[in-house]
Amino acid sequence: MKRIGVLTSGGDAPGMNAAIRAVVRAGIYRGVEVFGIYHGYKGLITGNIKKLEVSDVGDIVQRGGTILYTARCEEFKTEEGRAIAIEQLKKFGIEGLVVIGGDGSFMGGVKLTQLGFPTIGIPGTIDNDIPETDFTLGFDTALNTIIDAIDKIRDTATSHERRFIIEVMGRGCGDLAMWAGLADGAETIMIPEKKEDIDTIVERLNRGLQRGKKHNIIIVAEGVGSANDVAEAIKARANMDTRVTVLGHVQRGGAPTAFDRVLASRMGSKAVELLLTGEKGKMIAIQNNKIVAHDILDLLTKKHEFNNDLFQLAKELSI
Ligand code: ADP
């Protein structure tokens, strides 16, 4: 294999740039040319492809977002779209591809592999919703952004003796909410994996009130519903006033943490190594601090494992 490509697809996540840098430099180090494909699968179809040199990926390891841009591309979901993509890859002489993105992007990669074009995936999403990997790229950075915000909100919650409901991202996965809740000592964590009804939450709030607790942090994962709805439901049952903060897209941006930069570097290098040894249709993962690879088709039939121990611990510590 003499030429490989790299693209970012789906939602952006901090650490994607560090992964692009790792793929480019690990490739050049091993004597292959690396091509950047812009705007995800859309760029593969339109031929928005450019050779990347060592210096093209300088000064990006610390930047959030993705220098290759990202996009969603309906056309790539069609056979015709993928046939054009394969033609483009042939035109540029590219023989293998690294896809940095979420499970949708991996599905696209698998389809290319099935057409005889080797693809390796790197899990890049703040949601941590990918199976068989302890962490996805961007999760740690988003978590730290959330904690930073909650620390600030807690100052006001304490000073004004108020209850704050904070909505965090994560799609169907409660990891961001759970880890943030544990790290920030939230009194209540609402996640889709362990649904609690509003009555139980109101009971807990009342118990807290009775023993003199005047402020509260409630973290709601977006997979549970909207924080505004939770606030209304609490008000309807207990006539308690709450303040709502929806953190929104600040969670997706910012400089990646050291953890995400190191993870991205390790995963990027491993992806190149696998492509060059003839592997395909695999996703790079981190498990017990080891960089490993799993078959994507197999992986897509599974769900990200919920860490019940961590959830119990968070509950124990917030009595
Ligand atoms: P994510 O990768 O974050 O899960 P999406 O699900 O939006 O994001 O997928 C990103 C892109 O991957 C889509 O816009 C499409 O181009 C491609 N893709 C997703 N699912 C498929 C599929 N089943 N077949 C081919 N391509 C797909």
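Keep in mind that what you see is a predicted model, and the values were worked out from it rather than measured.

Colleague: Sorry, what's going on with the packing of helix H7 (residues 198-210) against helix H8 (residues 227-238) here?
Modeller: In a pair of packed helices, the angle between the axes and the distance between the axes together describe the arrangement. For the pair H7 and H8, the least separation of the axes is 10 Å and the interaxial angle reads 65°. Between H7 and H8, the crossing angle belongs to the class labelled roughly perpendicular. Handedness of the crossing formed by H7 with H8: right-handed. Residues Ile198, Asp199, Ile201, Val202 and Leu205 of H7 pack against Val230, Ala233, Ile234, Arg237 and Ala238 of H8. When grouped by side-chain class, the residues that make up the contact of H7 with H8 number 8 nonpolar, no polar and 2 charged.

Colleague: Would you explain the pairing of strand S4 (residues 96-101) in this entry?
Modeller: Regular strands have side chains that alternate between both faces of the sheet. For S4, the buried fraction is high: 6 of the 6 residues fall into the buried class. Neither face of S4 is left uncovered, since the one carrying Gly96, Val98 and Ile100 and the one carrying Leu97, Val99 and Gly101 both have all their residues buried. Judged from the 5 bridges that link them, strand S1 (residues 3-8) and S4 form a sheet pairing that is parallel. Along S4, the bridge assignment pairs Ile4 with Gly96. Note: S4 against strand S5 (residues 119-123), 5 bridges, orientation parallel. From the neighbouring strand, Val98 faces S5, where its bridge partner is Ile120. Crossover connection from S4 via helix H4 (residues 103-114) to parallel S5: handedness right-handed.

Colleague: Just checking my understanding: could you explain H4 for this structure?
Modeller: Think of an α-helix as 3.6 residues a turn; residues three or four steps apart then line up on the same face. For H4, with 12 residues, the first-to-last C-alpha span of 16 Å sits near the 16 Å given by 1.5 Å per residue. The elements touched by buried residues of H4 are helix H2 (40-46), helix H3 (79-91), S4, S5, strand S10 (282-287) and helix H10 (296-299). Backbone geometry just after H4 places Gly116 at a positive phi near 95°.

How each quantity is defined
- Residues numbered from 1 in each chain as written.
- Predicted model: local features only at pLDDT ≥ 70, side-chain atom pairs only at ≥ 80, totals over all residues.
- Heavy atoms only, no water.
- Axes fitted to C-alpha atoms, helices over the stretch in contact; angles between N-to-C directions.
- Helix = DSSP H or I, 4+ residues; strand = E, 2+ residues; numbered from the N terminus.
- Parallel < 35°, antiparallel > 145°, perpendicular 65-115°, else oblique.
- Left-handed = near helix turned anticlockwise from the far one by under 90°.
- Contact = heavy atoms within 4.5 Å.
- Nonpolar A, V, L, I, M, F, W, Y, C, P; charged D, E, K, R; others polar.
- Buried < 20%, exposed > 50% of the residue type's maximum accessible area, 1.4 Å probe, protein only.
- Pairing = 2+ DSSP bridges.
- Right-handed = clockwise from strand over helix to strand, strands pointing away.
- Expected span 1.5 Å × (residues − 1).

Everything listed is a geometric property; what it means functionally is a separate question.
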